[in-house]
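Listed here are the chains, written in short residue letters.
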Amino acid sequence: MTDDEFRDEDLDDEKTVSYIRNTLPQELRERFPDDTLYYILDVINDYFATSGILDKEPDADGFIEIDNEAVADYIIREAKRDGMGNFDRDEVLLIVEAEADYVDGLED
């Protein structure tokens, strides 16, 4: 990756975290600092890279069905393994859904 590509990726992550933060209820904004949201984004990207989900055939509209609950479960397992803490599944699911909404908005 070039320096420009790294900067673009960092800028996109900043925009994603900002979007997620603005969609979360206030109590979750306090519970999930930016560093934790960046960690969750990294784990989401890892899930997509390692799960094989992106190798599936798109449907007739060109979409691949993503199981947000499976993504949330993966994040929870990885967070425990990485010593990031024990996250509530419903809270992580809200973050996963917010990230998906942000990405879907980019495609419109």
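Source: prediction; values computed, not measured.

What counts and what doesn't
- Residues numbered from 1 in each chain as written.
- Predicted model: local features only at pLDDT ≥ 70, side-chain atom pairs only at ≥ 80, totals over all residues.
- Heavy atoms only, no water.
- Patch = residues over 30% accessible without salt bridge, like charges linked within 9 Å, V, L, I, M, F, W, Y side chains within 5 Å.
- Areas by Shrake-Rupley, 256 points an atom, 1.4 Å probe, with all protein chains shown as cover.
- Salt bridge = Lys/Arg side-chain N within 4 Å of Asp/Glu carboxyl O.
- Lys, Arg positive; Asp, Glu negative; His and termini not counted.
- Charge placed at Lys NZ, Arg CZ, Asp CG, Glu CD.
- Helix = DSSP H or I, 4+ residues; strand = E, 2+ residues; numbered from the N terminus.
- Axes fitted to C-alpha atoms, helices over the stretch in contact; angles between N-to-C directions.
- Left-handed = near helix turned anticlockwise from the far one by under 90°.
- Contact = heavy atoms within 4.5 Å.
- Nonpolar A, V, L, I, M, F, W, Y, C, P; charged D, E, K, R; others polar.

1. Section: a negative patch on the surface
Here is step 1: On the surface, a cluster of negative charge is contributed by D59, D61, E65 and D67.
Here is step 2: Tracing the chain through its elements places D61 in the loop between α3 (34-50) and α4 (68-81).

2. Here we look at the packing of α3 against α4
Here is step 1: Running from amino to carboxyl end, α3 crosses α4 at an angle of 115°, the nearest separation of the two axes being 10 Å. Relative to α4, α3 is oriented so that their crossing is right-handed. Contact residues: α3 offers Y39, I40, V43, I44, D46, Y47 and T50, while α4 offers A70, V71, Y74, I75, E78 and A79.
Here is step 2: Here the residues of the contact of α3 with α4 are counted per class, giving 10 nonpolar, one polar and two charged.

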